[in-house]
Amino acid sequence: GGVAGAAMADGEGLVSVDYEVYGKVQGVFFRKYTQGEAKRLGLVGWVQNTSHGTVQGQIQGPTARVQELQEWLRKIGSPQSRISRAEFSNEKKIKALEHKEFQILK
């Protein structure tokens, strides 16, 4: 909801959310595509492969944009990936971004 025409940054505020994506998401440039999509949306955070075959990370930015990336992580991903599910946790409002950019962590 929110008032039509209101500036998004004011009405929405910033959020932080952790994510983990399951399926065939390693070895398919998933991290690179996630970083590209996050940058396109103006989001910050990080992404990394886990030792148990998933991809995890954190997203921070305006609520609406974060939701767009969540949808992308849930349904789209990189061209070669096969996403079985995406889980989101620790969603919270933040006063300021805690990252400078969206990084791929080793």
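Named according to an unreviewed UniProt entry, the protein is Acylphosphatase originating from Acrocephalus arundinaceus. Turning to the protein, the UniProt record has this under Catalytic activity (unreviewed entry): "an acyl phosphate + H2O = a carboxylate + phosphate + H(+)". Entered under Sequence similarities (unreviewed entry) in the UniProt record, the comment concerning the protein runs "Belongs to the acylphosphatase family."

### Concerning helix α3 (residues 63–75)
Here α3 spans 18 Å end to end across 13 residues, near enough to the 18 Å set by a 1.5 Å rise per residue. Taken residue by residue, α3 has Thr63, Val66, Leu69, Gln70, Trp72 and Leu73 as its buried positions. Looking one or two places after α3, you find Gly77, whose phi comes out positive at around 65 degrees.

### Topic: the pattern of salt bridges
Tallied over the entire structure, the rule returns four salt bridges. Glu37 serves as the salt-bridge partner of Arg40, at 2.8 Å between the closest nitrogen and oxygen. With a gap of three residues between them, Arg40 and Glu37 both fall in helix α2 (residues 30–41), about one helical turn apart. The exposure class assigned to Arg40 is exposed, which follows from its relative accessible area of 56%. Take Glu37: its relative accessible area is 15%, and that puts it in the buried class. Residues Arg85 and Glu87 are paired through a salt bridge, measuring 2.9 Å at the closest nitrogen-oxygen approach. Judged by its relative accessible area of 40%, Arg85 is partly exposed.

Thresholds applied
Residues numbered from 1 in each chain as written. Predicted model: local features only at pLDDT ≥ 70, side-chain atom pairs only at ≥ 80, totals over all residues. Heavy atoms only, no water. UniProt positions renumbered as here; feature names shortened; annotations may be inferred. Helix = DSSP H or I, 4+ residues; strand = E, 2+ residues; numbered from the N terminus. Expected span 1.5 Å × (residues − 1). Buried < 20%, exposed > 50% of the residue type's maximum accessible area, 1.4 Å probe, protein only. Salt bridge = Lys/Arg side-chain N within 4 Å of Asp/Glu carboxyl O.

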